[in-house]
Amino acid sequence: FRTSTFSALLHSDVGFFDRSATGELVSILAQDVDAIHHAITLHLPGLLRHGIASVLCALAMLALSPRLTLTAVLVGPLIGLVAAAVGVGVKRRAVEQQRQDAATAAVSHEALSAVRAIKALGEEAQLEARYAAEVSECCRLSLREMALHKLWNTANMSMGCLAVVYCLRAGGAAVRAGELTTGSLVSFVYYAYACATAINDAANAYTALAAAAGRASKALGLLDEASARAAAAVEAEAAAAAAEAAA
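Everything numeric here is computed off the predicted structure, so don't read it as measured data.

A.B. asks: How should the overall build of the chain be read in this particular structure?
C.D. replies: When you go through the chain residue by residue, the secondary structure sums to nine helices and zero strands. In the chain, the order of α-helices and β-strands from amino to carboxyl end is α-α-α-α-α-α-α-α-α. When the 247 residues of the chain are sorted by exposure, 32% land in the buried category. In the chain, the share of contacts with a sequence separation of at least 24, taken over all contacts with a separation of at least 6, comes to 85%. A total accessible area of about 14,200 Å² is found for the chain, and carbon and sulfur atoms account for 67% of it.

Here you go:
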């Protein structure tokens, strides 16, 4: 994937390099590609694994008590809606973080590639101040994204725990009414907790995927442009061959 991204960079038009700083391009090859790699190898399998686990636990709960299961799964759509909203926010902040990382890399590349001139002109202090300002902005954006993740994790776990507590309350009433045995209630609570944990992990994997998609947006755009250029070249060759055949 890194090789494909590098190839897409090399085949981009000259105007693209005029619009993009070298540090930003290096950041694409380093951080953006790593974000896609982690999304494919870690977050996407985690989302599928925890999603399947939550479905299996829900089926086990349904076999034990359909009424309690329907009561418990009411929290599922709420978690899904919150996860979707948080995912949008995380992706937007990840794009901002990626751009800021690229700007920081551009300043460091500019300084290190012209270090002789900088020393000759005595501009070390100015560049130190510029780099410190960029790093400070990176830290601010990172802390904001981290705070959003922690707030989401707390809210997600709280909703899952509330669902389990509500199941205990409703299950106790079912046991007193003779609709459910104590052993079935214990099994149901176990599966409900496992289901809530799986849903929480799946939602966390989704937000991580959204963040990775935001960080990798530039690299994915380059690959889309490369695919479009390849398709246009194939169409042009086909049109030229058809023209020659007609002649």
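A.B. asks: Where do I start with the state of the cysteines in this structure?
C.D. replies: Disulfides are covalent bonds that connect the sulfur atoms of two cysteines. All chains considered together, the criterion is met by zero disulfides. The thiol of Cys57 is not disulfide-bonded; the next cysteine sulfur, from Cys195, is found 5.6 Å away. Looking at Cys139, it has no disulfide partner, and the nearest cysteine sulfur is the one in Cys138, 6.9 Å off.

A.B. asks: Even after reading the chapter, I still don't get the side chain of Ser54, so can you show me in this structure?
C.D. replies: With respect to the secondary-structure elements, Ser54 resides in helix α3 (residues 22-64). In terms of polar contacts, Ser54 uses its side chain to reach the backbone carbonyl oxygen of Gly51, at 2.6 Å. Residue contacts for Ser54: discarding those within four places in its chain leaves Cys195, Ala198 and Ile199.

A.B. asks: Is there a simple way to explain a nonpolar patch on the surface in this structure?
C.D. replies: A surface patch of nonpolar side chains, about 470 Å² in accessible area, is lined by Ile52, Val55, Leu56, Leu59 and Leu62. Mapped onto the elements of the fold, Ile52 is located in helix α3.

A.B. asks: I'm lost on the pattern of salt bridges in this one. Help?
C.D. replies: Summed over the entire model, instances satisfying the criterion amount to two salt bridges. Linking Glu137 and Arg140 is a salt bridge whose minimum nitrogen-to-oxygen distance equals 2.6 Å. Taken together, the residues Glu137 and Arg140, both in helix α7 (residues 124-176) and three residues apart, mark about one turn of the helix. You can call Glu137 partly exposed: its relative accessible area is 26%. By relative accessible area, which is 43% here, Arg140 ends up partly exposed.

A.B. asks: Just to check I follow, could you spell out the packing of aromatic side chains for this structure?
C.D. replies: Describing an aromatic ring pair means giving the distance of the ring centres and the angle of the ring planes. On inspection of all chains with the given rule, the structure shows one aromatic pair. A centroid spacing of 5.5 Å and a plane angle of 65° characterise the contact between Tyr190 and Tyr191, whose relative ring orientation is edge-to-face.

A.B. asks: What is the right way to read the side chain of His50 from this model?
C.D. replies: Considering the arrangement of structural elements, one finds His50 in helix α3. With sequence-adjacent residues up to four places away left out, His50 is seen in contact with Ala198, Asp201 and Ala202.

What counts, and where the lines are drawn
Residues numbered from 1 in each chain as written. Predicted model: local features only at pLDDT ≥ 70, side-chain atom pairs only at ≥ 80, totals over all residues. Heavy atoms only, no water. Helix = DSSP H or I, 4+ residues; strand = E, 2+ residues; numbered from the N terminus. Buried < 20%, exposed > 50% of the residue type's maximum accessible area, 1.4 Å probe, protein only. Contact = heavy atoms within 4.5 Å. Areas by Shrake-Rupley, 256 points an atom, 1.4 Å probe, with all protein chains shown as cover. Disulfide = S-S within 2.5 Å. Polar contact = N/O pair within 3.5 Å; in protein donor to acceptor, adjacent residues only side chain to side chain. Patch = residues over 30% accessible without salt bridge, like charges linked within 9 Å, V, L, I, M, F, W, Y side chains within 5 Å. Salt bridge = Lys/Arg side-chain N within 4 Å of Asp/Glu carboxyl O. Phe/Tyr/Trp six-rings, centres within 6.5 Å; stacked < 30°, edge-to-face > 60°.

These figures capture arrangement, not role.
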